[in-house]
Amino acid sequence: VTSRRAIGLLALLSPLLLAASFWGGEAAQWIWAVAVALFPVALIALGVTRGREGLGPLRLPLLLLAAVLTGSLVLLLALPDGGPTVFGLPLGTAWILFILVPVPLAIVAWAYAFSFDRFWLREEDLERLRQLRSAPREEG
Amino acid sequence: VPLLDRPWILASALVYLAGVLAIGVWSARRTRTARDFWIAGQSLGPVVTGIVTMAAAFSGFVFLGGPGLTYRIGLSSLFINASVGFTSGLLGWAVAKRLRLLAEVREVYTVPDAVLARYRSRVASGTAAVAILIGTVSYLGVQLLALGRLLEPVLGLPDLVGRWSFPAALAIGLGVLLFYSVVGGMVAGVYTDLFQGALMMLAALVVFGYAMASGGGLSRIGTTLAGSEAFGRTFLEPFGKTPVLTAFGFFFVFGIGVLGQPHMLHKFFMLRDPRKLRWLPFTLGFSQILCLLIWLGIGLAVPALVAQGRLAPLANPDEAAPLFLLHFTPGIVAGLAIAGILAAIMSTADSFMNIGSAVLVRDLPRAFGHPLRDELFWGRLATVAVTLGSTALAYAYNDLIALLGTFAFGTFGAALAPALAIGLNWRRVTATAATASIATGAGLNLVLELLNRQTWFPSLPKLPFAPGVLPGAVSLAASFTVLLGVTAWTARRGDPPLDPDVSAVMEA
């Protein structure tokens, strides 16, 4: 189900981005903001999904990632002239430097390492692959 | 480029070149098979893989072009890098594990090998190889010309050989690169990249410190720029001098296009143990952020120094980094930074030399059904041929190759990202869909970018897109659309079932 949803989302976002490239105007900007934020999350969800287990322990980190990316790009677009000044920079620019770059990295680096051997690449997966690799040689 | 022939800079460049030559000699004895030559004997650990992937990905553009671009368009240039927070995780989850596991069950050394294993289609694999060759020649040509242009003043060649200084600099750079890449193959490639990556991170960190200090700290730099007539607050705003659709286009092309960069993906085949992928997002992501500090630091400091009247306005924005290093850092730091820039250029170049030779010797012959026997011998020969060919093309058609090189990232992304990121994770994607997507991505990107930038034929039509839309972003979205559309169209007929080992890789 998760794979189908991810594919469905990608099938919606790709032509939408393409169409918005021709329209232009303010609507196209909002479409691009949301679409380019959700696109990587949909691709990750497609890669991560494991049969009946779906997203497993990665459901929450991916929701968080989607929220940070979408919220950030929408915020940047909504702030007039980049917003008020923070640390000598417009809020929007400070947000890119201190939220949009480091927070997703912290989420993905932690979630990837945390879920790796329990969910993402288990010993039994590797064992099965080793057997498949040796099978043709035994036959030969 | 301002004069760079100061003693510290010359000494750093010579020590750096000697270092990579020494690694070439060391690795020559460790390169005995085609597996060693193409994937470094599949012997890398997680930290090395992360750093060499970063070193291959970040060319001289991060160190020279990035600060120059920021001087030109302001901090909206950050959108090129804003995706770096998630790209390492995206690579890890969408492609790295499956590519590495394919190399566990099959003799998969290159991206077209992976395409062949997944789709069992020599047409799909051959199309991928052609797309990679086009991007490689232009990417490599640009890197080699940049190497010659940087070495020329650093080695003081204009005073030594007069008008022959550029060919002489190019010959020296090529000589070093060819020596270690031919004799040591990817073993030399990865260990020089490790050395170069470490140098890049160190240089970026130190120069960032000097950049912030010279401008009076982040807050003061911001206040100075906001109050200056030449730059103003617009310079600092996220979309200041850039249309919104361009900024989001940067985010999309560099955030998603990363999934199709062969010089990065190639490194995943080299990891010794697939379980060590666990640390990939951490090592890759943090090493990338460290390197990008130089872009931010010099990109902010130089306009601030101009606004404070401590530096003359730049006639050529690409001189931002060399001017800052010469005038605002001690000789030893400037030397370290110049070595870091050389490292960034050469680490990207050596990756493409190997990938380009693999296309000629491995990928295309296999796509035509005639694999070569002695790949190690032919691989070495092809490395020389690809390098000299790219140099000659770049030298003869400088403008065209520079143009192609500037959008090679987009070409790779549009050609390969959908077929790999979706195709390796969704078994319904057909070989026809993958081939159509690869051809559409590469072809459309070339046509759109050339139409968008060419000035040779004024009567040719302008692109019908909204203002600011990047051709690379359109090509990438079109390539995904084609992959999904053709899959829907051809899925009912479908491909034969996957081989059991490939099926297991996709289920793992």
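Everything that follows concerns the structure shown earlier in this document.
Predicted, not measured: the structure shown is a model, and the values here were computed from it.

A. Spatial organisation of the overall build of chain A. A count of helices and strands for chain A gives six helices and two strands. For chain A, the α and β elements follow one another from N to C terminus as α-α-α-β-β-α-α-α. Rg of the C-alpha trace for chain A: 20 Å, well past the compact-globule value of 14 Å for 140 residues, more than 25% over. By its C-alpha atoms, chain A is 70 × 35 × 25 Å across when sized along the principal axes. About 6,400 Å² of surface is accessible on chain A, with carbon and sulfur atoms providing 64% of the total. Averaged over its 11 positive side-chain charges, chain A has a centre that lies 6 Å from the centre of its 10 negative ones.

B. Structural view of the nonpolar core. Judged by nonpolar contacts, the single largest core of 238 residues is most densely connected at Leu-259 and Ile-422 of chain B. Sorting elements by how many residues they give to this core places helix 9 (residues 165-215) of chain B first, with 21 residues. Excluding anything up to four places from it in sequence, Ile-422 of chain B contacts Ile-7, Leu-10, Leu-43 and Leu-46 of chain A together with Ala-417, Val-429, Phe-480, Leu-483 and Leu-484 of chain B.

C. Summary view of the packing of helix 4 (residues 60-73) of chain B against helix 13 (residues 280-307) of chain B. Residue and element names in this part refer to chain B. Running from N to C, helix 4 and helix 13 point in directions that differ by 40 degrees, and their axes come no closer than 8 Å. Relative to helix 13, helix 4 is oriented so that their crossing is right-handed. Taken together, the residues of helix 13 that come into contact with helix 4 (itself represented by Phe-61, Val-62, Phe-63, Gly-66, Pro-67, Leu-69, Thr-70 and Tyr-71) are Cys-291, Leu-292, Ile-294, Trp-295, Ile-298, Gly-299, Val-302, Pro-303 and Val-306. Here the residues of the contact of helix 4 with helix 13 are counted per class, giving 14 nonpolar, three polar and no charged.

D. Looking closely at the packing of aromatic side chains. Evaluated as defined, the whole model comprises 28 aromatic pairs over all chains. Seen from their ring centres, Phe-282 of chain B and Phe-286 of chain B are 4.8 Å apart, and the 50 degrees between their planes marks the pair as tilted. Of this pair, Phe-282 of chain B and Phe-286 of chain B both sit in helix 13, separated by four residues, roughly a single helical turn. What makes Phe-286 of chain B partly exposed here is its relative accessible area of 38%. In textbook terms, an aromatic cluster arises when at least three aromatic residues are bridged by ring pairs, as seen for Trp-32 and Phe-39 of chain A together with Phe-252 and Phe-480 of chain B.

E. Quick look at the interface of chain A and chain B. Counting residues at the interface gives 65 residues for chain A, matched by 68 residues for chain B. At the boundary of chain A with chain B, total buried surface from both sides reaches about 5,900 Å², with 77% on carbon and sulfur atoms. Between the two partners, chain A and chain B, sit three salt bridges. Its salt-bridge partner being Glu-507 of chain B, residue Arg-128 of chain A comes within 2.9 Å of it at the nearest N-O pair. Looking at the side of chain A that touches chain B element by element, the count peaks at twelve residues for helix 2 (residues 25-48) of chain A. Grouping the constituent residues of the side of chain A that touches chain B by class yields 46 nonpolar, eleven polar and eight charged.

F. Structural detail: a nonpolar patch on the surface. All names here are of chain B. A grouping of Leu-372, Phe-377, Trp-378 and Leu-381 is seen on the molecular surface, where their side chains present a nonpolar patch of about 370 Å² in accessible area. Along the chain, Leu-381 turns up in helix 16 (residues 375-396). For Leu-381, a relative accessible area of 45% translates into the label partly exposed.

G. Representation of the environment of Val-182 of chain B. Residue and element names in this part refer to chain B. With respect to the element layout, Val-182 can be found in helix 9. Residues Val-182 and Thr-411 lie 229 residues apart in sequence; the distance between their C-alpha atoms is 27 Å. Those residues in contact with Val-182, other than ones at most four positions away along the chain, are Phe-37, Arg-380, Thr-383 and Val-384.

H. Structural detail: helix 16 of chain B. All names here are of chain B. End to end, helix 16 covers 30 Å across 22 residues, agreeing with the expected 32 Å (1.5 Å per residue, within 8%). Every buried residue belonging to helix 16 is among Glu-375, Leu-376, Gly-379, Ala-382, Thr-383, Val-386, Thr-387, Ser-390, Thr-391 and Ala-394, and all of these are buried. The arc enclosing the buried residues of helix 16, seen along the axis, measures out at 160 degrees, which places them on a common side.

I. Quick look at the environment of Thr-246 of chain B. All names here are of chain B. Structurally, Thr-246 can be placed in helix 11 (residues 244-256). On the basis of relative accessible area, Thr-246 is assigned to the buried category, the value being 11%. Distance from Thr-246 to Ala-211, taken between C-alpha atoms, is 28 Å for residues 35 residues apart in sequence. Excluding its chain neighbours within four sequence positions, the residues that come into contact with Thr-246 are Gly-468 and Leu-470.

J. View of the side chain of Thr-127 of chain B. Residue and element names in this part refer to chain B. Looking at where Thr-127 falls in the secondary structure, it is placed in helix 7 (residues 122-154). Of the polar contacts made by the side chain of Thr-127, one reaches the backbone oxygen of Val-123; its length is 2.5 Å. Those residues in contact with Thr-127 that lie beyond four places of it in its chain are Thr-435, Ile-438 and Ala-439.

K. Highlighting the pattern of salt bridges. Enumeration according to the criterion identifies 19 salt bridges over all chains in this entry. Between Glu-123 of chain A and Arg-275 of chain B there is a salt bridge whose closest N-O contact spans 2.9 Å. Remark: Arg-275 of chain B occurs in the loop between helix 12 (262-268) and helix 13 and Glu-123 of chain A occurs in helix 6 (residues 123-139); the pair is interchain, linking two chains. Take Glu-123 of chain A: its relative accessible area is 40%, and that puts it in the partly exposed class. A salt bridge links Glu-237 of chain B to Arg-233 of chain B, with the nearest nitrogen and oxygen atoms 3.3 Å apart. The class for Glu-237 of chain B is buried, based on a relative accessible area of 12%. Taking the relative accessible area as the measure of exposure, Arg-233 of chain B reaches 24% and is therefore partly exposed.

What counts and how
- All residue numbers refer to position in the chain's written sequence, counted from 1.
- Written order determines the labels here, with chains lettered from A and ligands numbered from 1.
- Only residues with pLDDT of at least 70 get local features here, since the model is predicted, and only at 80 or more are side-chain atom pairs given and counted; chain-wide, interface and lining totals rely on the full set of residues.
- Remark: hydrogens and water are excluded; side-chain values derive from all non-hydrogen atoms of the structure.
- Strands here are runs of E lasting at least two residues and helices are runs of H or I lasting at least four, both read from the DSSP assignment and numbered beginning at the N terminus.
- Values of the radius of gyration come from C-alpha atoms, whereas the globule rule sets the reference at 2.2 Å times the count of residues to the power 0.38.
- Note that accessible areas follow from Shrake-Rupley with a 1.4 Å probe, and for residues the cover is restricted to the protein chains shown.
- Working convention for charge: Lys and Arg count positive, Asp and Glu count negative, and His plus the chain ends are omitted.
- Here the site of a charge means atom NZ of a Lys, CZ of an Arg, CG of an Asp or CD of a Glu.
- Here the nonpolar core consists of buried residues drawn from Ala, Val, Leu, Ile, Met, Phe, Trp, Tyr and Cys, with membership extended through side-chain atoms lying within 4.5 Å.
- Exposure categories follow from relative accessible area, calculated using a 1.4 Å probe and restricted to protein chains: below 20% of the type maximum is buried, above 50% is exposed, and the middle band is partly exposed.
- Residues are treated as being in contact if the distance between any of their heavy atoms lies within 4.5 Å.
- Lines fitted to C-alpha atoms define the axes, with helix axes restricted to the stretch in contact, and inter-axis angles between N-to-C directions lie between 0 and 180 degrees.
- In this scheme the crossing of two helices becomes right-handed for a clockwise turn of the near helix relative to the far one and left-handed for an anticlockwise turn of less than a right angle.
- The nonpolar class holds Ala, Val, Leu, Ile, Met, Phe, Trp, Tyr, Cys and Pro. Asp, Glu, Lys and Arg form the charged class, and all remaining residues, Gly among them, are polar.
- The aromatic pairing rule takes the rings of Phe, Tyr and Trp, using the six-membered ring of Trp, and pairs them if the centres are within 6.5 Å, calling planes under 30 degrees apart stacked, those over 60 edge-to-face and the rest tilted.
- Using a 1.4 Å probe, buried area is obtained as the accessible area two parts lose upon being combined, added over both of them.
- One side-chain nitrogen of Lys or Arg within 4 Å of one carboxyl oxygen of Asp or Glu is enough to make a salt bridge.
- Patch criteria: residues need more than 30% relative accessible area and no salt bridge. Like-charged residues are merged within 9 Å; nonpolar side chains of Val, Leu, Ile, Met, Phe, Trp and Tyr are merged within 5 Å.
- Multiplying 1.5 Å by the residue count of a helix minus one yields the expected span of that helix.
- Directions from the helix axis toward the C-beta atoms define the arc.
- Between N or O atoms, a polar contact is any pair within 3.5 Å; within protein, one atom must be a potential hydrogen donor and the other a potential acceptor, and residues adjacent in sequence are included only when both atoms are from side chains.

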